[in-house]
Amino acid sequence: MSDDPLLPQPVARALAGYRALRDAHGVCWGEPPLTYVVQAWTTVFLDNRYDFWGAGLRQLAERHPEVPQDQLEDLLGGVDADRVVRDALGGDVVDNLAALRLAPEGVTLEAVTQVVLDDQPFRTSLLLDSSRDEPVTVVVDGTAYEVPPRGARVVAAGGSVTADGRPVDLAPLCRRAAPAAVRVRAGFPCRWSVTGANGQGWYPEGAPRKVDALRRPYFHGDDLVLAVPAEPLTVAVARGMEYSSAEIVIAPEAGAETLVELPPERLYDAAARGWYGGDLHVHLNWMGEEPAAPELAAAAQHGEDLHVLNLVAGNVASERVYDLEALAHWAGEDLPWSDDRHLARIGVEYRSDLVGHLTAFGLREPPQRCHAGFQGTADRPPNAVACEELRTLGGVIGYGHPFHTAFGEDDPPGVVLGRGRNCSAREIVADAALGLVDALDVLNHSSITGTAAVYRRLIGAGNRIAVTAGTDAVLSFCRRGTASSPPGWERVYANVAGPLTAESYAEAILLGRTFATTGPWLELSVNGHGPGDTLDLAPGQRAEIVLTSVGPEVERLEIRTAEGVLAQGPPGRLTATLVADEPTYVVAVATGPPHPRTLHRSGVHAHTSPVYVNVAGSPVAREADVRWCLAWLDRLEELVRESGTFETEEQLGEHLEVYERARKVYRGRLA
């Protein structure tokens, strides 16, 4: 018997292994408790309304009063995660976590009551929250749990709960409803959301119960039937950023099927203009509630009309590299659900939690290494070595989720680099100078404005790297903010010459013919030249700049050069004149407040790659930006000496040699 093309035997075996890990260890699949592993578990219950970091740091400050405040973050992997969830919620109750309050005066159960069809079984997570000064034992479904004084435990519940020797009335957890059916149809694959009055989502059988960063339940497909309660429901449909959304309220009848035909309307058609939008950083599996098969990625790509999907294999906190089997099976091939308008490939996220995470698109075969420096091993080799290997394998290389804190345009490098170990794109300044990296995910799930500020310093210092986008969506997560949002909620659009192929899309990125966006269409022209082009001007010569945008969410447009903002204005169309007095670049930026079409917590963003402007034959190498990059390398060397793990001086020297080579490049630009 031949393999299922969407689930070949090596991938099926790996998927079965992930399910076994989930069943044995829960959401984190047995990964070592690094900070982001612990946070991943808590954020199943804590959406973006609740502060994991604040609750965790307060707990650590109580436990370790001798540790300076700025070093507490290094200890977050050791927090009492159950208590962090309780403290961050601050008394709130969320739909997937009921709360049993164990107060000195008695026991109460609080819950967002869930609807259950007929006599189907119901289970939920239950927070055992004690305000008592002594331990208390609670028996849940026959298992005894001891809750420490003023402590918390999160357990699974559904059958029976006993506290203080008496049964707890579980009626608040759910109510029964008569079943009905709804068929949703648009005529092409879409993203659907079917919700009840309490916000509860309803899904087709077998679909993971996914929720996006705005807490909206969703699933993908077309002509799907789902069991629902016979009561009013809201049905909404969307299809990525090139379409509008639509919704309707229905009242299904018990025992009957209600047909909802609701196609979304197009806002713009990028492919018709030769532009194809991609998400270069998506994980199939990387911990989570529901291990994901390739079929789920296919449904998401077509349901979002995402032209290019780059699934990446990657480790979490140990040696295990998730989806490495899929990479070995499909490297260098279009994934089976690709067609002339939708291209899917599998690449890698190369991860160093000291100097940054790289993604590679278009690999011909798996690399020899996929990570460095985990579980106390040496931080070697530097990312530059990984870049060289990935490039020999055909990869287009970029830094993902580059920076995680807000900082200003003029902040010194030390503010950006921070301290200790983290996955910020710290080596980008060296790798860009050495021509080892092709792109930067200016649009990402973290700090877009901070990343954009670093990006403009890099291109102002004479580096040629493209703007790209990677959401870091994880298909195996169901409730984790933007990680459980659909792939392609941010995209890099590349102007492709000819048909869409992995090679033509990669070439467009390498040429810098890109812009990245959370939704708006952005088009930049400088004397008729677009992003990635070089315009040669004589001193004093003028260039006319035209910027246009499409999309209801834009509030402000900016035209920027190496000197800063040249022009700004409302959405639609913005023009400016550039007088060539020194080499520069021109980029366009669009911003706006939070919007239903935008899943980034900070609002609307779009950013183009540059049109490079040479003057008298000289390219841009702005002195202030070059010196900023040199200062970055000096602070990076200090940081690696302080926080790196090395067995020998030679291993440290591998990093320092990369930085010294980059310094020579920047000093040459000053000359």
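Refer to the structure printed above.
What this report covers is the structure whose coordinates are included nearby. Values in this document were obtained by computation on a predicted structure and should not be read as measured data. (Residues numbered from 1 in each chain as written. Predicted model: local features only at pLDDT ≥ 70, side-chain atom pairs only at ≥ 80, totals over all residues. Heavy atoms only, no water.)

Before going further, it helps to examine the sheet that holds strand β15 (residues 224-229). Read across the sheet, 3 strands follow the order β15-β11-β18 without closing on themselves; strand pairing throughout is mixed. Among the strands making up the open sheet, the edge pair consists of β15 and β18 (257-261). Taking the axes of each pair of neighbouring strands and ignoring which way they run, one obtains an average angle of 30 degrees across the sheet. As paired elements, strand β11 (residues 179-185) and β15 share 6 bridges and run antiparallel to each other. (Pairing = 2+ DSSP bridges. Helix = DSSP H or I, 4+ residues; strand = E, 2+ residues; numbered from the N terminus. Axes fitted to C-alpha atoms, helices over the stretch in contact; angles between N-to-C directions.)

This part covers unusual backbone geometry. Omega for the peptide link from R380 to P381 comes to 0 degrees, which places this bond in the cis form. The topology assignment puts P381 in the loop between β24 (371-372) and α7 (383-392). Backbone geometry places D141, a non-glycine residue, at a positive phi of 50 degrees. Within the secondary structure layout, D141 lies in the loop between β5 (136-140) and β6 (143-147). D141 gets classed as partly exposed once you look at its relative accessible area, which sits at 31%. One non-glycine residue, Q375, lies in positive phi territory at about 55 degrees. For Q375, the location among the structural elements is in the loop between β24 and α7. (Buried < 20%, exposed > 50% of the residue type's maximum accessible area, 1.4 Å probe, protein only.)

What follows deals with the pattern of salt bridges. Across all of its chains, the model carries 54 salt bridges by this definition. The salt bridge partner of R215 is D47, with a shortest N-O separation of 3.8 Å. Placement of R215 in the loop between β13 (210-211) and β14 (217-221) and of D47 in the loop between α2 (35-42) and α3 (52-63) is noted, with a sequence separation of 168 residues between them. Residue class for D47 comes out buried when judged on its relative accessible area of 17%. Of the charged contacts, one joins E389 and R369 as a salt bridge, the two residues approaching to 3.4 Å between their closest N and O atoms. One end of the pair, E389, is in helix α7; the other, R369, is in the loop between β23 (356-361) and β24, with 20 residues separating them in the sequence. The exposure class assigned to R369 is partly exposed, which follows from its relative accessible area of 30%. Beyond isolated ion pairs, a larger network of salt bridges with shared partners links E62, R83, R86, D87, R101, E110 and D129. (Salt bridge = Lys/Arg side-chain N within 4 Å of Asp/Glu carboxyl O.)

Before going further, it helps to spend a moment on helix α1 (residues 9-25). Taking 1.5 Å as the rise per residue, α1 with 17 residues should run 24 Å; its terminal C-alpha atoms sit 24 Å apart, in good agreement. On its buried face, α1 is in contact with α5 (294-303), β21 (321-322) and α6 (324-330). (Expected span 1.5 Å × (residues − 1). Contact = heavy atoms within 4.5 Å.)

Moving on, we get to the side chain of N463. Within the secondary structure layout, N463 lies in the loop between α10 (448-460) and β27 (466-469). Owing to a relative accessible area of 1%, N463 belongs among the buried residues under this scheme. For N463, the side chain forms a polar contact with the main-chain nitrogen of A433, separated by 3.4 Å. A distance of 3.1 Å separates the side chain of N463 from the side chain of Y666, its partner in a polar contact. (Polar contact = N/O pair within 3.5 Å; in protein donor to acceptor, adjacent residues only side chain to side chain.)

Of all the 6 residues making up strand β16 (residues 233-238), 5 are buried; the element is thus mostly covered by neighbouring parts of the structure. Of the strand pairs in this sheet, strand β12 (residues 190-195) and β16 are connected by 5 bridges, and their pairing is antiparallel. Directly across from T195, in β16, lies its bridge partner T234. Summarising the sheet, β16 and strand β17 (residues 246-250) pair through 5 bridges and their orientation is antiparallel.

The nonpolar side chains of soluble globular proteins are, as a tendency, buried together. Counting residues in hydrophobic clusters, the biggest one holds 102 residues, and the most contacted among them are L311, I428, L458, Y505, W632 and Y666. When residues in this core are grouped by element, the largest group, 9 residues, is from helix α12 (residues 623-643). Filtering out sequence-adjacent residues up to four positions away, I428 remains in contact with Y399, F403, V437, L440, L458 and W632. Counting residues in each nonpolar core, the second largest holds 43 residues, with V37, L60, V84 and F477 among its members. (Core = buried A, V, L, I, M, F, W, Y, C linked by side-chain atoms within 4.5 Å.)

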